[in-house]
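Secondary and tertiary structure notes
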Amino acid sequence: MPVEGGKTDMERIGLFSEMEYVTVGDKYVSQFNRPFNEAASKNRQMLPGGSKEMSNLQAGYFDPHFVRIFEGEGYVNLNQVRRRHTMEEAKKNLGKAFLPSNGDKKPCGLGSYYGTIGRPVPFFSAQSKPKEKYEPPGKNLYTNPGKKGTGYGYANVTIGKQFSHSADFYDAAKLNDKKENEEHHRLLKGTPFKLNLYPREYFDTNPYLFEKPLPPIKKAEKKEALANPFKPSSPGKKAGGMKAGTFDSYPSHSADPYGVKLTSHISSKGAKVFHPPGGPKSRPTESIMTLNVKRALNMKNYKTASVQSY
């Protein structure tokens, strides 16, 4: 498509020529009818020749002809060697082979003793053994026949005697209360005890009540503020390398005569002065700032590195 200036899009991009379209002109093939491996049905295919099976024939080996491991050795027939060994073993027999007197006996059915070494066991015989006549045991001792009934609505069915009937009056509780009240008033003597005192209030009087009049309120006296600020009588003294600025005067010089210190002589060897052993000595350590400078500044960039970056 031409643009202003007379150049096409392909010339403006800078390509030599427009790219070709591969699929232009191809026949449409549906994806359902498209073969999976189209090259497998064209031209001649590779024929491996089939698998070989292990057999006595030469086709079962990789070599075209049979290769012998040893050359010139004698042929040995294994069947002949086996027969010679059996003949030599047979010469060692003193007599004929052992044969049993009778043949094997086979059982004729399940549970029969025919064909076994032992005889039938009498304990497992199916015949019935003679038994004594059965005599049933006697009955239990009965003291009284069992009482009939379930206990509800039936008389004389319990272990003990039957309860006797007792009348229950309708106003029995009311009559009992009346008798107790009469007995209580009979035991009283005289009238109830009463105090002949003036009645008082339920709670005590206020112990903090003060009936006298309170004194007048005292006014706090205000202190008069000073009009002028406090000033010291003389200005402060400044230290000028001497004792003029101190409270006390300069102390007088006292002569310190030179004297030789007397050393204490150790008389006995056992009373020596204890000297502790030397502990671990510290090693020189570099600061974190020095380590950071060494990491950032090395032999390759020490010329180009600037001071402001650190």
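Residues numbered from 1 in each chain as written. Predicted model: local features only at pLDDT ≥ 70, side-chain atom pairs only at ≥ 80, totals over all residues. Heavy atoms only, no water.

As annotated in an unreviewed UniProt entry, the protein chain is Cilia-and flagella-associated protein 96 from Monodon monoceros. Regarding the protein chain, the UniProt comment filed under Subcellular location (unreviewed entry) reads as follows: "Cytoplasm, Cytoskeleton, Microtubule organizing center, Centrosome". Regarding the protein chain, the relevant UniProt record gives this comment under Sequence similarities (unreviewed entry): "Belongs to the CFAP96 family." (UniProt positions renumbered as here; feature names shortened; annotations may be inferred.)

Of the regular secondary structure elements, the protein chain holds 4 helices and 0 strands. Counting across all 310 residues of the protein chain, residues that qualify as buried make up 0%. A separation threshold of at least 6 residues defines the contact pool for the protein chain, and within that pool the share at least 24 residues apart is 0%. In the structure as shown, the protein chain presents an accessible area of about 36,600 Å², 58% of it carried by carbon and sulfur atoms. (Helix = DSSP H or I, 4+ residues; strand = E, 2+ residues; numbered from the N terminus. Buried < 20%, exposed > 50% of the residue type's maximum accessible area, 1.4 Å probe, protein only. Contact = heavy atoms within 4.5 Å. Areas by Shrake-Rupley, 256 points an atom, 1.4 Å probe, with all protein chains shown as cover.)

What follows deals with the pattern of salt bridges. Side chains that differ in sign of charge can pair as their charged atoms come close. Tallying each qualifying case throughout the model produces 2 salt bridges. The partner of E89 in a salt bridge is K92, with the nearest N and O atoms 3.6 Å apart. Judged by its relative accessible area of 59%, K92 is exposed. For R186, the salt bridge identified is with E183, shortest N-O distance 2.3 Å. Placement of the pair is R186 and E183 together in helix 3 (residues 172-187), with a separation of 3 residues, close to one helical turn. Its relative accessible area of 56% is what places R186 among the exposed residues. (Salt bridge = Lys/Arg side-chain N within 4 Å of Asp/Glu carboxyl O.)

A cluster of nonpolar residues, M289, V293, L297, M299 and Y302, forms a patch on the protein surface that exposes about 550 Å² of accessible area. By the secondary structure assignment, Y302 is in the segment after helix 4 (288-296). What makes Y302 partly exposed here is its relative accessible area of 48%. (Patch = residues over 30% accessible without salt bridge, like charges linked within 9 Å, V, L, I, M, F, W, Y side chains within 5 Å.)

End to end, helix 2 (residues 78-91) covers 21 Å across 14 residues, agreeing with the expected 20 Å (1.5 Å per residue, within 8%). With a side-chain oxygen lying 3.4 Å from the backbone nitrogen of N79, the N-terminal cap of helix 2 falls on N77. (Expected span 1.5 Å × (residues − 1). Polar contact = N/O pair within 3.5 Å; in protein donor to acceptor, adjacent residues only side chain to side chain.)

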